[in-house]
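Each chain, letter by letter, is given below.
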There are 2 protein chains.
Amino acid sequence: MRILGLIVEYNPFHNGHIYHIQKAKSLAQFDYTIAIMSSSFVQRGEPAIIDKWKRSQLAIEFGVDLVIELPFVYTCQSADYFAKGAIDLLAAIGVTDICFGSEDGRISTFVDIAQAIFQHQDIYNEYVQKAMKKGLRYADACNQALQYIMNKEIKTPNDLLGLSYVKEIIFHQYPITSHCFPRTNAYHGLNLQTIASASAIRNAIRNKQDFSHSLPHADLYHHCDLFQLEDFFPYLQYQICTSSLQELKSYHMVDEGLENLLYKHIQSCSSMEEFINQLSSKRYTRPRISRMLIHILMKNTKNDIHNAMHVDYLRVLAMNQKGRQYLSTIKKTCPYSLITNLPKYHHPALEIELKATRLLSLLSSHPQALIQEEFSHIPLIQS
Amino acid sequence: MRILGLIVEYNPFHNGHIYHIQKAKSLAQFDYTIAIMSSSFVQRGEPAIIDKWKRSQLAIEFGVDLVIELPFVYTCQSADYFAKGAIDLLAAIGVTDICFGSEDGRISTFVDIAQAIFQHQDIYNEYVQKAMKKGLRYADACNQALQYIMNKEIKTPNDLLGLSYVKEIIFHQYPITSHCFPRTNAYHGLNLQTIASASAIRNAIRNKQDFSHSLPHADLYHHCDLFQLEDFFPYLQYQICTSSLQELKSYHMVDEGLENLLYKHIQSCSSMEEFINQLSSKRYTRPRISRMLIHILMKNTKNDIHNAMHVDYLRVLAMNQKGRQYLSTIKKTCPYSLITNLPKYHHPALEIELKATRLLSLLSSHPQALIQEEFSHIPLIQS
């Protein structure tokens, strides 16, 4: 049995994603296609623009059989943790292949590099640590270490993420084959072409421009809640103002004295955008800062995240008949709990997940309905 | 030396307060008049409608020599703690007399009752505890106990507060003489007479009615920030939504399963008013619920409040030349620290005080200026 795994955010689900699903499925005769999808917040440190239920239903409609939740504890993290969470869960559910889009486009690049790092782990790690002590941020330190051990570097965020996937597979010796295909130029475009970038589409949605040719069911976005980090600014301001330095310091990602910067700038800024600009620097990228602010909004302490990191469940967000069939096939052998009903299972990561939904609900026109969906049975969608 | 102490909130400072100051000062030849005034939040569970600096300056203008801060840890509490804080601090600063307005109007009523409770403490306390176990709220239980030991009862909130003052004096054997005078009918009025009730004036200020004949410097209220509990509702909703039941339970005054009620009603209510209505009951009065909500807004845990309760400082909010002279007289003998400069003294109650100001600042048009005032030197006002 060959099972294709896709690691996705679908923020929002657009024509490029349809292209990706089709392209990946054409690689081989797969029996099932499973996507692991970021839940309420995405890796760039933002709420997903529409909720996870709608995004996962779109995925089913366009060729995925089963959508699994990538928990908040993995999505609102650096690339390495994001990749670790995604690959570990895909391995647990039995995928045999993964496929990701990349700028480089050759899977051998990623496999060679991952293997080199695996073989020279000690030297690599030592180099990374030294470089970080010199003030380099983690991604740059990794790249320098890579140049040192094999004279190569990975330049774009997508390729860095791809490398993280392949590294996780090789380090754990998971029986998973990696594939990648080059992203088309159109896929990067800033304009609203048929296949446009997610950033361009998000901008168009926010600015109420016409984006109907860039994604399916464009009308959906006129009728549903759109979530934006900016709208959380009053809550963030309140949260920081009522926290002591000690409390701020206890939150996940508030490291190296960042609590002082938070205090210093919170009163003088009048928007999230301005605040993020004040806090970001060469050492702290905008996504890194944004993720930290989300953890503060959620009051996630370092301890909370530490205790929630070992996820041992697979939560279904949506499925079609084939997806349901696959679930019943693996029910007895899968080492992880398969969750289709929230109240029956308890895990610190699920508590954080529910908190993320409650946070989103503050921006929703139907807050109770949004929370209620967490506790409803998973929809079975006819694709 | 005779020193008059007044326990005040001045929310807002109106003609009735001028009458109170004059009436109290006419009782005897006092050398100094000292007011202890609620800081940012008042005992009925609301922010003071204008900030503590403006209120204390008005007090000086109308005959008080020195205004001392009654810290948040005492104001946002039941009558007993409020009274304890006020009397202990007034005793520490050396007042010889206090004077309060009351419905009953005879000081002997309060002294007799306080002495009876003091003499029969064990019976009284036992009765109160039993009555509370039966579901009575504290004030009603006290009144029943009182009827039991001496066939008397205290009916109005102002008289209950007056009794708490006198009890505190008698229990500690403070060398302080209590006085009271009957509140005039006009003082209670719901209409905006020359001497109108604070509630009527607050309503008029909020509704932009004419209130110019009810308080001095009416124009002030058109130019300064007006603070209302209602405006904190989005923050409260956010705070409750991102807290676990365990966290909610840890906050001061969240007792006896109230955390479940908070969770139950927070999403379905669209205003503070509606939320307070849902939570209040025969057992939990509106002020009791409002105070609890303020502690949640401040994230004050039971521990935080416990650790801050033993205030050992007297913080000056405003003074005239006479007030300054008095301070220098007692500087060497006063067992409490006299604070005119915030950064030089540390105490958990002062940290909470600063947090209260930061919370208020979220509703202010000049948030940084409001916070900055905490750290400025105390104004010396020419009266």
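Quick note: structure is the one above.
For clarity, every value in this text was computed on a predicted model and none was experimentally measured. (Residues numbered from 1 in each chain as written. Chains lettered and ligands numbered in written order. Predicted model: local features only at pLDDT ≥ 70, side-chain atom pairs only at ≥ 80, totals over all residues. Heavy atoms only, no water.)

> Please provide a residue-by-residue account of the nonpolar core, values included.
The biggest cluster of nonpolar side chains holds 262 residues, and the ones touching the most others in it are Leu-293 of chain A together with Leu-293 of chain B. Discounting chain neighbours no more than four positions away, the residues touching Leu-293 of chain A are Leu-236, Leu-262, Met-272, Phe-275, Ile-276 and Leu-279 of chain A. (Core = buried A, V, L, I, M, F, W, Y, C linked by side-chain atoms within 4.5 Å. Buried < 20%, exposed > 50% of the residue type's maximum accessible area, 1.4 Å probe, protein only. Contact = heavy atoms within 4.5 Å.)

> Let's hear about empty space enclosed by the protein: which residues, and what values?
All names here are of chain A. Tallying each qualifying case throughout the model produces one cavity of 30 Å³ or more. The space that makes up the largest cavity amounts to roughly 30 Å³. Along its surface, the largest cavity is lined by Ser-40, Asp-51, Lys-52, Trp-53, Thr-357, Leu-360 and Leu-370. When contributions to the lining of the largest cavity are tallied by element, the ones reaching two or more residues are helix H2 (52-61) and helix H19 (348-361). For the lining of the largest cavity, the class distribution of residues is three nonpolar, two polar and two charged. (1 Å grid on protein atoms, 1.4 Å probe; cavity = no way out; pocket = protein on both sides within 12 Å on 5 of 7 lines; lining within 4 Å. Points joined across faces, edges and corners; volume = space filled by probe spheres on them. Helix = DSSP H or I, 4+ residues; strand = E, 2+ residues; numbered from the N terminus. Nonpolar A, V, L, I, M, F, W, Y, C, P; charged D, E, K, R; others polar.)

> Which residues make up the sheet that holds strand E7 (residues 177-182) of chain A, and what values do they have?
All names here are of chain A. Here seven strands make up an open sheet; going across it, the order is E7-E6-E1-E2-E5-E8-E9 and the pairing mixed. What marks the edges here is a single partner per strand, and that holds for E7 and strand E9 (337-339). Neighbour to neighbour, the strand axes of the sheet diverge by 30 degrees on average, direction disregarded. Seen against the sheet, H2 touches strand E2 (32-38), strand E5 (66-70) and strand E8 (313-319) and runs at an angle of roughly 65 degrees to E8. Sitting on the sheet, helix H5 (residues 107-119) is in contact with strand E6 (97-102) and E7, with an inclination near 135 degrees to E7. (Pairing = 2+ DSSP bridges. Axes fitted to C-alpha atoms, helices over the stretch in contact; angles between N-to-C directions.)

> Kindly report on the side chain of His-295 of chain B, identifying the contributing residues and their values.
Positionally, His-295 of chain B belongs in helix H16 (residues 286-297). Residues within four places of His-295 of chain B in sequence aside, it is in contact with Phe-72, Cys-76, His-252, Met-253, Asn-300 and Ile-305 of chain B.

> Can you tell me about the relation of the copies chain A and chain B, naming the residues and giving the values?
Note that the two copies of the chain are related through a rotation about an axis and a translation along the same axis. At an RMSD of 0.0 Å, chain A and chain B line up after a rotation of 180 degrees and a shift of 0.0 Å along the axis. In short, the pair behaves as if placed about a two-fold rotation axis. Closest approach to the rotation axis within chain A is made by the C-alpha atom of Tyr-235 of chain A, at a distance of 3.1 Å. (Least-squares fit on C-alpha atoms with pLDDT ≥ 70 in both.)

> Tell me about the sheet that holds strand E6 (residues 97-102) of chain B, and name the residues and values.
Residues and elements named next belong to chain B. One open sheet holds the seven strands; their spatial order is E7-E6-E1-E2-E5-E8-E9, and the pairing between them is mixed. Edge positions in the sheet fall to strand E7 (177-182) and strand E9 (337-339), since each has one partner strand and no second. Strand-to-strand twist of the sheet, defined as the mean angle between neighbouring strand axes without regard to direction, takes the value 30 degrees. In the packing of helix H8 (residues 157-172) onto the sheet, contacts are made with strand E1 (3-8), E6 and E7, and the angle to E6 comes to roughly 160 degrees. Strand contacts of helix H19 (residues 348-361): strand E5 (66-70), strand E8 (313-319) and E9, with the helix running at about 40 degrees to E8, the strand carrying the most contacts.

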